[in-house]
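# Summary of structural features
Chain by chain, the residues run as shown.
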Amino acid sequence: MKRLVPMWIAIIAGFVMLLSTFFPITESLGETVGEIFNVVAAIAFVLGAGSLAKVNLAKISRRDQGWGYAAITLICFAITLVVGLGKIGVPQSTQFPLLGWSGEKDAEGSIFGWIYEFALVPITSTMFALLAFYVASAAFRAFRAKNLEAILLLSTAFIVLLGRTFAGVVLTGWLPDWASGLRLENFSVYIMQVFNTAGNRAIIIGIALGVTATSLRILLGVDRSWMGSGD
Amino acid sequence: MKPSKTWVIVVAVIVVLVGIRMTIGQGMARAYVERVDQSVEVKANDIHGASTEKWTEWHPVAPKKFEAAQKADPSQTKFAFSWANTIGLWLAAFFTLAIFSFLYRDNPGYRLAEAVIIGVSAAYWGVIGFWDTLVPKLFGALTPNLIHDQVLPSLPAPTTGQVVAMYFALALGLMLLMRLAPKGGWISLWPIAFIIGVTAGLKIVSHVESDLVAQSIATFKPLVQPIVSPESAQSGWMLWPTIWASLANILLVIGVLCCLTYFFFSVEHKGVAGRAARVGIMYLMITFGAAFGFTVMGRVALLAARIEFLFDDWLWLIDPAGKRIVEVASAIGSMLC
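Thresholds applied
- Residues numbered from 1 in each chain as written.
- Chains lettered and ligands numbered in written order.
- Predicted model: local features only at pLDDT ≥ 70, side-chain atom pairs only at ≥ 80, totals over all residues.
- Heavy atoms only, no water.
- Helix = DSSP H or I, 4+ residues; strand = E, 2+ residues; numbered from the N terminus.
- Rg over C-alpha atoms; globule rule 2.2 N^0.38 Å.
- Buried < 20%, exposed > 50% of the residue type's maximum accessible area, 1.4 Å probe, protein only.
- Pairing = 2+ DSSP bridges.
- Axes fitted to C-alpha atoms, helices over the stretch in contact; angles between N-to-C directions.
- Contact = heavy atoms within 4.5 Å.
- Salt bridge = Lys/Arg side-chain N within 4 Å of Asp/Glu carboxyl O.
- Buried area = accessible area lost by both parts, 1.4 Å probe.
- Polar contact = N/O pair within 3.5 Å; in protein donor to acceptor, adjacent residues only side chain to side chain.
- Nonpolar A, V, L, I, M, F, W, Y, C, P; charged D, E, K, R; others polar.
- Domains from an automatic or database assignment.
- Expected span 1.5 Å × (residues − 1).
- Patch = residues over 30% accessible without salt bridge, like charges linked within 9 Å, V, L, I, M, F, W, Y side chains within 5 Å.
- Areas by Shrake-Rupley, 256 points an atom, 1.4 Å probe, with all protein chains shown as cover.
- Phe/Tyr/Trp six-rings, centres within 6.5 Å; stacked < 30°, edge-to-face > 60°.
- Lys NZ or Arg CZ within 6 Å of the ring centre and 35° of its normal.

As a further point, take the overall build of chain A. When its secondary structure is counted, chain A shows 7 helices and 0 strands. Secondary structure elements of chain A occur, N-terminal to C-terminal, as α-α-α-α-α-α-α. Taken against the 2.2 N^0.38 rule, which gives 17 Å for 231 residues, the C-alpha radius of gyration of chain A at 27 Å runs more than 25% over that of a compact globule. Across the 231 residues in chain A, those meeting the buried criterion constitute 41%.

Next up on the list: the sheet that holds strand β3 (residues 79-81) of chain B. Residues and elements named next belong to chain B. Reading across from one edge, β2-β1-β3 is the order of the 3 strands in this open sheet, with antiparallel pairing throughout. The open sheet has two edge strands, β2 (51-61) and β3, and neither has a second partner. Neighbour-to-neighbour, the strand axes of this sheet turn through a mean angle of 35°, independent of strand direction. Strand direction decides the pairing type here: strand β1 (residues 32-42) and β2, joined by 11 bridges, are antiparallel. Looking at the pairing, Asp37 lines up with Thr56 of β2. Contacts from helix α2 (residues 63-72) reach β1, β2 and β3 within the one sheet, and its direction differs from that of β3 by about 115°.

Moving on to the pattern of salt bridges. Under the criterion given, the structure shown has 11 salt bridges over all chains. With a shortest N-O distance of 2.4 Å, Arg278 of chain B and Glu149 of chain A are connected by a salt bridge. Taken together, the residues Arg278 of chain B in helix α9 (residues 271-314) and Glu149 of chain A in helix α5 (residues 148-163) connect one chain to another. Three or more residues are tied together by salt bridges with common partners; here these are Asp312, Asp313, Asp319, Lys323 and Arg324 of chain B.

Taken together, the 125 residues of chain B in the interface contact 115 residues of chain A. With both sides pooled, the region where chain B packs onto chain A buries about 11,200 Å², and carbon together with sulfur makes up 82% of that total. Between chain B and chain A we count 14 residue pairs in polar contact (both at pLDDT 80 or more) in total. Considering each element in turn, the side of chain B that touches chain A owes the most residues, 28 residues, to helix α4 (residues 108-142) of chain B. A per-class count over the side of chain B that touches chain A returns 86 nonpolar, 26 polar and 13 charged.

On to the domain arrangement of chain A, then. Residue and element names in this part refer to chain A. Along its sequence, chain A is carved into domain 1 (1-85), domain 2 (90-141) and domain 3 (143-231). On a C-alpha basis, the centroid separation for the pair domain 1 and domain 3 is 34 Å. With 9 residues of domain 1 at the contact, the number on the domain 3 side is 10 residues. Summing the contributions of domain 1 and of domain 3, the shared interface buries around 830 Å²; its carbon and sulfur component is 70%. Connecting domain 1 to domain 3 are 0 salt bridges. Where domain 1 meets domain 3, there are 1 residue pair in polar contact (both at pLDDT 80 or more). Grouping the constituent residues of the side of domain 1 that touches domain 3 by class yields 6 nonpolar, 1 polar and 2 charged.

Along its 19 residues, helix α1 (residues 4-22) of chain A runs 27 Å from first to last C-alpha, staying within 8% of the 27 Å computed at 1.5 Å per residue. Looking only at α1 of chain A, the buried set comprises Val5, Pro6, Met7, Ala10, Ile11, Ala13, Gly14, Val16, Met17, Leu18 and Ser20 of chain A.

Phi is mostly negative for residues that are not glycine, and the peptide bonds are mostly trans. All names here are of chain A. We note that Lys87 has phi near 50°; this positive angle belongs to a residue other than glycine. With respect to the helices and strands, Lys87 occurs in the loop between α3 (67-85) and α4 (111-142). Classification of Lys87 as buried rests on a relative accessible area of 11%.

Quick look at α3 of chain A now. Taking 1.5 Å per residue as the helical rise, α3 of chain A with its 19 residues ought to reach 27 Å, and the 27 Å between its terminal C-alpha atoms agrees with that figure. Listing the buried residues of α3 of chain A in full gives Ala70, Ala71, Thr73, Leu74, Cys76, Phe77, Thr80, Val83 and Gly84 of chain A. Packing partners of the buried residues in α3 of chain A comprise α2 (27-61) and α4 of chain A together with α4 of chain B. Two residues or fewer after α3 of chain A comes Lys87 of chain A, characterised by a positive phi angle close to 50°.

Our next topic: a nonpolar patch on the surface. Taken together, the side chains of Leu223, Val224, Val228, Trp237, Ile250, Ile254 and Val279 of chain B present a nonpolar region at the surface, about 590 Å² in accessible area. Structurally, Val279 of chain B can be placed in helix α9.

Time to look at the packing of aromatic side chains. One pass over the structure, following the stated rule, counts 20 aromatic pairs over all chains. Site record: aromatic cluster; members linked through ring pairs are Trp101 of chain A together with Phe130, Trp131 and Phe139 of chain B. Above the face of the Trp131 of chain B ring, Lys87 of chain A is positioned so that its terminal group lies 4.0 Å from the ring centre. Above the ring of Phe79 of chain B, the side-chain terminus of Lys78 of chain B is found at 5.9 Å from the ring centroid.

Our next topic: the pairing of β1 of chain B. Taken together, the 3 bridges between β1 of chain B and β3 of chain B define a ladder with antiparallel strand orientation. Counted as the bridge partner of Glu34 of chain B is Phe79 of chain B from β3 of chain B.

What follows is the structure in structure tokens.
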């Protein structure tokens, strides 16, 4: 019972979505199921919040190493949640000025927007920027032109990198018009449009086949690994 | 030298340099806002009479505008110094430097920024989900009057079907929360089953439609692609553009077929299949190289944006957008002369 009911829920929900694409009569049913899905997914954030609180509170209560950071996480979480849900500092909406809650949650002047602009964006973008160093460092250590495949990978990376900078334009600007396709800025575009497209297309087709097969296995009840092995 | 000592020295050097910078020219890292008075005529309805609602908003503005306004009229109130945005600028700069400090090694500054981002981003997406999904869909259907009167007056009244569907969604959502309970966690498998089923149903359609079919159709290209001169259609094909375009199509078709052959494991990669798979590997290596180059470019662009933030918005050492009147170079020049 504990595994049979979930399996049938998955099968019915999946087939409703599938059939709503092919039969117009079930289109509205598919839309309704889609809306239920969105709401359940939004409620899942509450689960995430609960889990975050549970883990960090346990860390604080046990006085684990770094429990102070867990406290900071919880404080930041609580502040962002309160100012976001309460729309604190949000100016009135010009469309409905009499309604206290009609303003945009991240409007200019709101604390939620302030947190987004001065905490979330700088930290996330700097973390991604940090990857520039690590990618370069990993490439320096791992990339060795020891066979044809590695040479192809390395040279393509160099051509793409150079082709999108001024150096690439300067280096091959002397090539005559009839060979303009070999100028780095054009050649990198050619690589992206032909070789990269071909490789990516095969990967995408492979992924599509894999996802379709896996989804079908779930919808037919063959794959039940998503239920886990517990009770 | 102990790591803690190193960090003390690094922080001290940064503080001293920032302190020096603050005394040069116009200083640094200040934000200004412009006063915008809003006025909206509200029409009379069943609840309230006609009225004019007035309030003030403060929008960010370039320091140059504030300086110009102050110069023209020192008692002006249209532009003002913004404490909130200035503190925000300093905080953003601190977070940026704290994250960059990880390049040397793990440290309390980095861990602090990490702890902040975990808390803030979890709450951020929770708030987005609440206002963008739960309020209009769930609460809009279950408590339509409250949502209509307080949040979204333009929200249409829900149908009976929508109300029933949202009760069902609420029930599934509450079952999902049972995962946090010490007992009865198995009940959360029902909403998870719903999510898995809907995702599987959606993914089959979307992947077959936009990936499998669309990508296959895009591969069926003419192997000879004539390029006609734009000046005169009568003059025939242009030789080199035609060769390049045709070669591109031929290489693309061969590449897709060879890469697919490489991914086809039901046939042993020997003979023709082996040679095709080998060509496929070459194409894939080029693809990975291009992806690597592209990723590096993207990350370097982000890095440049962060450095620009530090040097432009925070330190006021550069001014590519012309946001300030006196540039630091001329300020240093005037100090030296």
